[in-house]
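Fold and contact review
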Amino acid sequence: MSGLAVRGLRVQVGSGRNAHVAVDGVDLDVPAGTVVGLVGESGSGKSTLARATVGLVAPVAGRIEYDGEDFAGARGRRLRRLRRRVQLVFQDPRASLDPRMTVGETLAEAATAHRRLGRAARAAEVRRLLEQVQLDPAHAASRPASLSGGQRQRVSLARALAVRPDLIVADEPTAALDVSVQGAVLNLLRDLREQSGLSLLVISHDMAIVRYVSDRVAVMRGGRIVEEGEAAALMASPRNDYTRLLLDAAAGG
Amino acid sequence: MRERLDLTPGRIALLAVLAALLALVVAGPPLWSGAADEIDTAAMRAGASAAHPFGTDQLGRDLLARVLVATRLSLLLALATAALGFALGVAVGLLPALLGPRLRSVVATTINLFVAIPGLLLALLVATIVGIGAKGAVIALGVALAPQAARLTQTLAASVGGAEYVAASRVVGVRWPRLLGRHILPNIAAPLVLQFAMATSQALLALSALSFLGLGVQSPDYDWGALLSVGLDRMYVTPMAALGPGLAIVLAGVAINAGGDVLAAAIATDAPQRARRRRRAAGLAPSATLAAPVAEALADEAAPAAAASAAAAPAAAAPAADAAPGDVPAAPAVDPAPAPPAPAGPPAALRVERLSVSLPAAEGAVTPVREVSLTVGHGERVGIVGESGSGKSLTALAAAALLEPPFAVETAAHEIAGEPLFARAGTGRRRLLGRSLAVVFQDPLSALNPALRLRRQLTEAAIEHRDLDAGEATEAAIERLRELRLTRPEQRLGQHPHELSGGMRQRAVIAMGMTVRPGLIVADEPTTALDVAVEREVLAALRRANDEDGTAILLISHDIGVIASFCERVLVMYGGRIVEELPAADLRERAVHPYTRALLAAVPDMETDRDRPLPTIPGRPPTAAELPASCAFAARCAFASERCRAQQPPLVALDGAPGRRVACWHPAPDAAAPAPAAAAGDEREEERR
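Residues numbered from 1 in each chain as written. Chains lettered and ligands numbered in written order. Predicted model: local features only at pLDDT ≥ 70, side-chain atom pairs only at ≥ 80, totals over all residues. Heavy atoms only, no water.

An unreviewed UniProt entry lists chain B under the name Oligopeptide/dipeptide ABC transporter ATP-binding protein, with Conexibacter arvalis as the source organism.

As annotated in an unreviewed UniProt entry, chain A carries the name Peptide/nickel transport system ATP-binding protein and comes from Conexibacter arvalis. The record in UniProt for chain A states the following under Sequence similarities (unreviewed entry): "Belongs to the ABC transporter superfamily." (UniProt positions renumbered as here; feature names shortened; annotations may be inferred.)

1. Focus: the nonpolar core
Ranked by internal contacts, the top residues of the largest apolar core, which has 59 residues, are B:L458, B:I510, B:I521, B:L542, B:L555 and B:V570. For this core, the element with the highest residue contribution is helix α18 (residues 502-514) of chain B, accounting for seven residues. Among the domains, domain 2 (291-302 + 346-567) and domain 3 (577-688) of chain B are the pair contributing at least three residues each to this core. With sequence-adjacent residues up to four places away left out, B:I521 is seen in contact with B:A438, B:V440, B:I510, B:M514, B:L542, B:A545, B:T551, B:A552, B:I553 and B:L554. Counting residues in hydrophobic clusters, the runner-up holds 55 residues, among them A:L189, A:I209, B:V90 and B:I188. (Core = buried A, V, L, I, M, F, W, Y, C linked by side-chain atoms within 4.5 Å. Buried < 20%, exposed > 50% of the residue type's maximum accessible area, 1.4 Å probe, protein only. Helix = DSSP H or I, 4+ residues; strand = E, 2+ residues; numbered from the N terminus. Domains from an automatic or database assignment. Contact = heavy atoms within 4.5 Å.)

2. Overview of the environment of B:T596
All names here are of chain B. On the secondary structure map, T596 appears in helix α22 (residues 594-602). A C-alpha to C-alpha distance of 9.7 Å links T596 and V385, two positions 211 residues apart in sequence. Beyond its immediate sequence surroundings of up to four residues, T596 is in contact with V572, E580, L587 and A591. At a separation of 2.8 Å, a polar atom in the side chain of T596 contacts the side chain of E580. (Polar contact = N/O pair within 3.5 Å; in protein donor to acceptor, adjacent residues only side chain to side chain.)

3. Focus on the interface of chain A and chain B
Listed as interface residues are 61 residues of chain A and, on the opposing side, 56 residues of chain B. Roughly 4900 Å² of surface becomes buried between chain A and chain B when both sides are summed, with 53% attributable to carbon and sulfur atoms. By the criterion of area lost to chain B, the three top residues of chain A are A:R100, A:S180 and A:R211, representing 15% of everything that side buries. Seen at the junction of chain A and chain B, the total is three salt bridges. (Buried area = accessible area lost by both parts, 1.4 Å probe. Salt bridge = Lys/Arg side-chain N within 4 Å of Asp/Glu carboxyl O.)

4. Thoughts on the sheet that holds strand β2 (residues 20-31) of chain A
Residues and elements named next belong to chain A. Taken in spatial order, the four strands make up an open sheet running β2-β1-β4-β5, and their pairing is antiparallel. Since the sheet does not close on itself, it has two edges, and those belong to β2 and β5 (69-70), each with one partner. Where helix α1 (residues 46-53) meets the sheet, its contacts fall on β1 (3-13), β2 and β4 (61-66), and the angle it forms with β1 comes to roughly 120°. (Pairing = 2+ DSSP bridges. Axes fitted to C-alpha atoms, helices over the stretch in contact; angles between N-to-C directions.)

5. Structural notes on the pattern of salt bridges
Inspection of the entire model under this criterion finds 34 salt bridges over all chains. Residues B:R11 and B:D261 are paired through a salt bridge, measuring 3.1 Å at the closest nitrogen-oxygen approach. One end of the pair, B:R11, is in helix α1 (residues 9-37); the other, B:D261, is in helix α9 (residues 239-268), with 250 residues separating them in the sequence. Looking at B:D261, the relative accessible area reads 29%, which means it is partly exposed. A salt bridge links B:E580 to B:R660, with the shortest nitrogen-to-oxygen separation between them at 3.5 Å. With B:E580 in strand β11 (residues 577-583) and B:R660 in the loop between β12 (652-653) and β13 (661-662), this residue pair connects regions lying 80 residues apart in the sequence. Comparing B:E580 with B:R660, the two get one shared label, buried. Ionic contacts of the salt-bridge type, sharing partners, join the residues A:R115, A:E125, A:R128 and A:R164 into one network.

6. Notes on the confidence of the model for chain B
Residues and elements named next belong to chain B. Model confidence for chain B is summarised by a mean pLDDT of 78, while 84% of its residues fall at 70 or above. Confidence drops under pLDDT 50 across residues 271-336; counting only partners more than four residues distant or on other chains, this segment forms 125 contacts. Contacts from residues 672-689, a stretch scored under 50 in pLDDT, to residues over four places away or in other chains number 35 contacts. (pLDDT = per-residue confidence, 0-100.)

7. Topic: unusual backbone geometry
Cis geometry is adopted by the peptide bond preceding B:P406, which originates at B:P405 and carries an omega value of 15°. If you trace the backbone, B:P406 turns up in the loop between α12 (392-399) and β4 (408-410). Of note, the phi angle at A:R164 is positive, near 60°, even though the residue is not glycine. Summarising the element assignment, A:R164 is placed in the loop between α6 (149-162) and β7 (167-171). Given a relative accessible area of 47%, A:R164 falls into the partly exposed group. Even without glycine at this site, B:E525 takes up a positive phi of about 45°. Relative to the elements of secondary structure, B:E525 occurs in the loop between β8 (520-524) and α19 (532-549). For B:E525, a relative accessible area of 7% gives the class buried.

8. Let's talk about the packing of helix α8 (residues 224-232) of chain B against α9(B)
Residues and elements named next belong to chain B. Interhelical geometry of α8 versus α9 gives an angle of 150° and a closest axis separation of 7 Å. One element, α8, and the other, α9, form an angle in the roughly antiparallel class. The crossing of α8 and α9 is left-handed. Between α8 and α9, the residues in contact are W224, G225, L227, L228, G231 and L232 and A241, A242, P245, G246, A248, I249 and A252, respectively. When grouped by side-chain class, the residues that make up the contact of α8 with α9 number 10 nonpolar, three polar and no charged. (Parallel < 35°, antiparallel > 145°, perpendicular 65-115°, else oblique. Left-handed = near helix turned anticlockwise from the far one by under 90°. Nonpolar A, V, L, I, M, F, W, Y, C, P; charged D, E, K, R; others polar.)

9. Concerning the sheet that holds β12(B)
Across a sheet, paired strands are connected by hydrogen bonds in the backbone, their directions being either parallel or antiparallel. Residues and elements named next belong to chain B. The mixed open sheet is built from eight strands, whose spatial order is β7-β8-β9-β3-β10-β11-β13-β12. Looking along the sheet, the strands with just one partner apiece sit at the ends: β7 (437-440) and β12. Where α12 meets the sheet, it contacts β3 (381-385), β8, β9 (552-557) and β10 (569-574), and its direction lies at approximately 150° from that of β9. Here α18 sits on the sheet and contacts β7 and β8; the angle it forms with β7, its principal contact strand, is near 170°.

10. Observations concerning a nonpolar patch on the surface
Nonpolar side chains collect at one region of the surface, where B:I132, B:F212, B:L213, B:L215 and B:L232 lie side by side and expose about 470 Å² of accessible area between them. Overall, B:I132 belongs to the exposed group, its relative accessible area being 63%. (Patch = residues over 30% accessible without salt bridge, like charges linked within 9 Å, V, L, I, M, F, W, Y side chains within 5 Å. Areas by Shrake-Rupley, 256 points an atom, 1.4 Å probe, with all protein chains shown as cover.)

11. Concerning the packing of aromatic side chains
Residues and elements named next belong to chain B. Applying the stated criterion across every chain yields a total of four aromatic pairs over all chains. Between the aromatic rings of Y574 and F633, the centroid separation amounts to 5.2 Å while the plane-to-plane angle is 85°, which identifies the pairing as edge-to-face. Taken together, the residues span a long stretch of sequence, with Y574 in strand β10 and F633 in the loop between α22 and α23 (642-646) at a distance of 59 residues. By the burial criterion, Y574 is buried, and F633 matches it. One aromatic cluster is present, formed by Y574, Y595 and F633 through successive ring pairs. Positioned over the ring face of W665 is R643, at 3.5 Å from the centre of the ring. (Phe/Tyr/Trp six-rings, centres within 6.5 Å; stacked < 30°, edge-to-face > 60°. Lys NZ or Arg CZ within 6 Å of the ring centre and 35° of its normal.)

Below you can see the structure in the form of structure tokens.
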């Protein structure tokens, strides 16, 4: 199967007495070209799952297959090969951008991590990336501190795009943003998918956001996927009580 | 720049000294080595004179010249020592950041082991191996320095190495040399430089001591320590012979430290610390704990403001704020409509007229809350909704009299339960606040003392303010917890806060506030840190307090959905002002302020059309320092005219709509003409109808 296929994934976080199983036997598919929404509350293990898909945490069991190749526990060269295909956008762009580097440096670093680019090509690539996320190319010289939250999140999206991945995992991409600017980031995610055929795994605690961007939805609770299905169908007739609770909360809000 | 680097006159003087010392390192020996080495048998052991201000040594050599010449050797040896120590230490200290978990702990343990060995012992050990002399001293002291440097580096690198941006770079595929060079080292450079400067001055002292004892620099070479030992036996005859080199050592040590401070500050100011520094420079004391979340919000933090910290005191025992009316600049002459008068009957739980909050900043005072008038009626549920930086939290804190300097709060009237707050002072005010008001913050842990069992925390306010005895207060607390649907309330009282889940804690805080049966609970983002299911429990608890005790609730949230479903009346804040006030039932369909409408449209809900892009609001919310004298939303508003950009619209009653106020020159006609900024959203609503 092309795309991401997670099978029986088990991830433990912490060590010794504080260890606990954050992801407990998860099966999840993100077929090529689709947008899958993963919804759940804080502590449900969805961020840990996101980190596992790019090899930031190693699973204790299970498989993380990409285009049929298993990358669970990959290191070194194999891990780099995975990360050429799967990129992660972190929740808080303020924390995930190096405060000392300009936007251009951050993007150039990502663009050259897997490819050699001359000076001119690098500048052109930075420009292209900024335009792709609808930022003024002049921002290449800015530092993250001088950008707004929404702009910063677009920069971190551009950084993920710089690697030219097939799949982007976006972990709560709007949770750290002001309400009035999060819409622009959601629109951008939709546009990217339409323009470049990118697959997306969008993680959020907010059912309305997941509903808005996703083709398929998976609901996670206590480290497990409790329900998964085509977005409209799942919203219309949820089978799991917890899904229903989330839907009620979203509708009431 | 000067302010950024903390350049006080004293520090500038020390920097001048440092520059002079560096000049001496370069120019001292060529200029004065002749005089320093010139043997004058006619003036052996001479006292201080015009020709020899510091006197001469046993061979008649001029001691002043020798002190000047010795600058080079003294400082270079000290630098070499610190450099050796830090080169070793930083290299070893960075290892754990690169290694896997098992090797990491081996290295960390080794570092710890070496830190535990006294530096002097280590130095003596190394000196025995390398031998006495300048080289031996430098190597010995350098090696002795290394464990400390390694430990510091390890700690710093661990914190930066755990940062999201390092993880992000790893995911992108950045290799470790670059990770170290571009991301980790630059971000730990400032404290390392500071520590390096301190190590250099310590090394100077230690090397001088060794030379003084004859274990360091050996004749015919000489450093300040060696000169000191020459001069000391004539201390009483020619004081300058000993004081000269001594003074040089002290002065150099202090100057090097000052240089380190400035260099570290220059490095640090490149990064986000800049904002923090500025704030500190502006006197926004980070120690004012309540100020912390607010200052965060002011600094244009997109993230929901961090929770108020521990000073957020047991909710019921609201600390008396000394928020004396400060020198708030008079706001532009607009005459806001007063808050609607409270209906006859019990006095309003809260009434604030023309509340402004300002605080000093580098560019003059900023006023993040401006002319806010609001009333919370007896038993009413009122919500304030706004984005970060809108001033909503500051408004709530000021209303609860919880703001302390440097915040200056100014009100035309401030009544709690019908009683003017500022007519009372000290104890009287504290009792009024304690009995009539409870505050619930975002983070319940900040309001609970982790060391005390709940029993103590849930009863002390009732004992203090309601004159109950311990038994009655316990009964009341159990009753409260039961009402809030906490399971096994008797047992909960015996537990510590950490034994409860987040939702239970927040309900315990609400119970704590309710034990005094206050007329008003101010809840600032009480559910932001909580999950959906728990959020419901907490809101239900607040609702129960409202239903059963008639406690009025002032709920502050960025979540327009929470506000709309919980409150009866909604105040929308933007740029420090109330821009619209309306019944919650009217919020979704009948809001008239362009901001309110755009905000509602920008948030996807379960009805949003998935095939259309979300309507967005261009730009971003202004920070407190950016607030214009005109409409703060004008820059992002599709309706803005010249007037909007020139004049602040007053908050006035909306014609023919009781209980509604709006501050806009061009309010959208009620439930008609869709706002262009929110066009898609409104069409969507049309479709739904």
